[in-house]
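Structural overview
Next come the chains, spelled out residue by residue.
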Amino acid sequence: MQIGPYKLRNQLVLAPMAGVTDRPFRQLCKKFGAGLAVSEMVSCNSALWGSKQTLRRMNHEGEVEPRTVQIAGADPELMAQAAQFNVERGAQIIDINMGCPAKKVCNVMAGSALLQNEDLVKRILDAVVTAVEVPVTLKIRTGWDPEHRNALSIAKIAEQAGIQALAIHGRTRACAYKGEAEYQTIRSVKQEISLPVIANGDITSPENAKEVLEFTGADAVMIGRAAQGRPWIFREIEHYLATGELLSEPGIEETRTIMIEHLNNLYAFYGEYTGVRVARKHIAWYSKGHPSGADFRRRVNRVDTIDEQLRMTHAFFDSLIAAGRMAA
Ligand SMILES: Cc1cc2nc3c(=O)[nH]c(=O)nc-3n(C[C@H](O)[C@H](O)[C@H](O)COP(=O)(O)O)c2cc1C
């Protein structure tokens, strides 16, 4: 898939997830084959741009290109400024968030709530595309509720505005994360527009990624929650799409190596205090489904230092490896 001058390595995109897709996680997913990883949202509120959190979000040191930054907001002029600000700091693609159901994205009308106001959507897209030289992409839901699935109409506005790729999450705003994503709307949009389309929602396996690509005709698939604690999903899907073969899941020892490297990158990026806290949720995802994982999580969530967190994590994996040897 091509976005402006950037030819992606494959059809796999890591979804933006606030609080999850920080630089260490994006790098990890790219290492496992994500062709594109969208960074966490940067608010259009310039009062927040000097905050530690925003500065960290804009840190792209060593990140595999293209560097994509998502912005959110409802004011065309502020969105244009936010786009320029991020491009000056290294963003190579700007992604606009009209897909997030959270009420307080930037103010009450941002994220997917904007889908209700097509005129405002047009003004935002025009303002951002005009403000920057880099490609601008858009992420939407299928509409604001099941009676108002206006993704096609928004897609046409996006196409006219010069948006260069459109990601569609197969749920409406009102659906939040309930029920199952539907791909019919994504398919209908793809048939009607010439922009690259990225299908998103509930893609959790190589087979399911292939089915969604085939059914929708989309140019790529975007994966969010299924990559939590499972960044190797990109390797599995890439391999399956190329060969039709399923790779086996990493064994305990490889999982431990991946996880420890991830934790060390989090500590280096955030420092000890925040690094240990951010690491907790990743530890929880990686350890899900393993025997005694719940007990390990309860204990590891109580420690506050890198040393203790690493020591307990090693001990947990050592016990899994020993149990595996006993069973063999
Ligand atoms: C924790 C979390 C944070 C998210 N944050 C954002 C965000 O900042 N911007 C956005 O456009 N979507 C956000 N999303 C939505 C995802 O990008 C994606 O559209 C959604 O999770 C559906 O894909 P999935 O089924 O593969 O997870 C978030 C989702 C989750 C679970």
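Structure's up top.
Thresholds applied
- Residues numbered from 1 in each chain as written.
- Predicted model: local features only at pLDDT ≥ 70, side-chain atom pairs only at ≥ 80, totals over all residues.
- Heavy atoms only, no water.
- Core = buried A, V, L, I, M, F, W, Y, C linked by side-chain atoms within 4.5 Å.
- Buried < 20%, exposed > 50% of the residue type's maximum accessible area, 1.4 Å probe, protein only.
- Helix = DSSP H or I, 4+ residues; strand = E, 2+ residues; numbered from the N terminus.
- Contact = heavy atoms within 4.5 Å.
- 1 Å grid on protein atoms, 1.4 Å probe; cavity = no way out; pocket = protein on both sides within 12 Å on 5 of 7 lines; lining within 4 Å.
- Points joined across faces, edges and corners; volume = space filled by probe spheres on them.
- Nonpolar A, V, L, I, M, F, W, Y, C, P; charged D, E, K, R; others polar.

1. Examining the nonpolar core
Ile-96, Met-98, Leu-125, Leu-138 and Phe-234 are the most contacted members of the largest nonpolar core, which has 87 residues in total. Per-element accounting of this core gives the leading share, 8 residues, to helix H9 (residues 252–270). In this view, Leu-138 contacts Asp-95, Ile-96, Met-98, Leu-125, Ile-154, Ala-158, Ile-163, Ala-165, Leu-166 and Ala-167; residues no more than four positions away in its chain are not counted. Judged by nonpolar contacts, the second largest core, of 14 residues, contains Met-1, Leu-8, Val-13 and Ala-165.

2. What about the environment of Thr-130?
Its place among the elements puts Thr-130 in helix H4 (residues 118–131). In this structure Thr-130 comes out as exposed when scored by relative accessible area, which is 68%. Sequence separation of Thr-130 and Gly-162 is 32 residues, and the distance between their C-alpha atoms is 9.0 Å.

3. Section: the layout of surface pockets
One number sums up the size of the largest pocket: a volume of about 490 Å³. Surrounding the largest pocket, 25 residues form its lining, Ala-15, Pro-16, Met-17, Lys-139 and Tyr-177 being those nearest its centre. The set of elements that each furnish at least two residues to the lining of the largest pocket consists of strand E4 (36–43) and strand E7 (136–141). Looking at the lining of the largest pocket, its residues break down into 11 nonpolar, 8 polar and 6 charged. Space inside the second largest pocket adds up to approximately 180 Å³. Arg-225, Gln-228, Gly-229, Arg-230, Trp-232, Glu-249, Pro-250, Thr-255, Trp-285, Tyr-286, Lys-288 and His-290 together form the lining of the second largest pocket. Each residue belonging to the lining of the second largest pocket can be placed in one class, and the counts come to 4 nonpolar, 4 polar and 4 charged.

Note that all results are geometric; they support no functional claim without further evidence.
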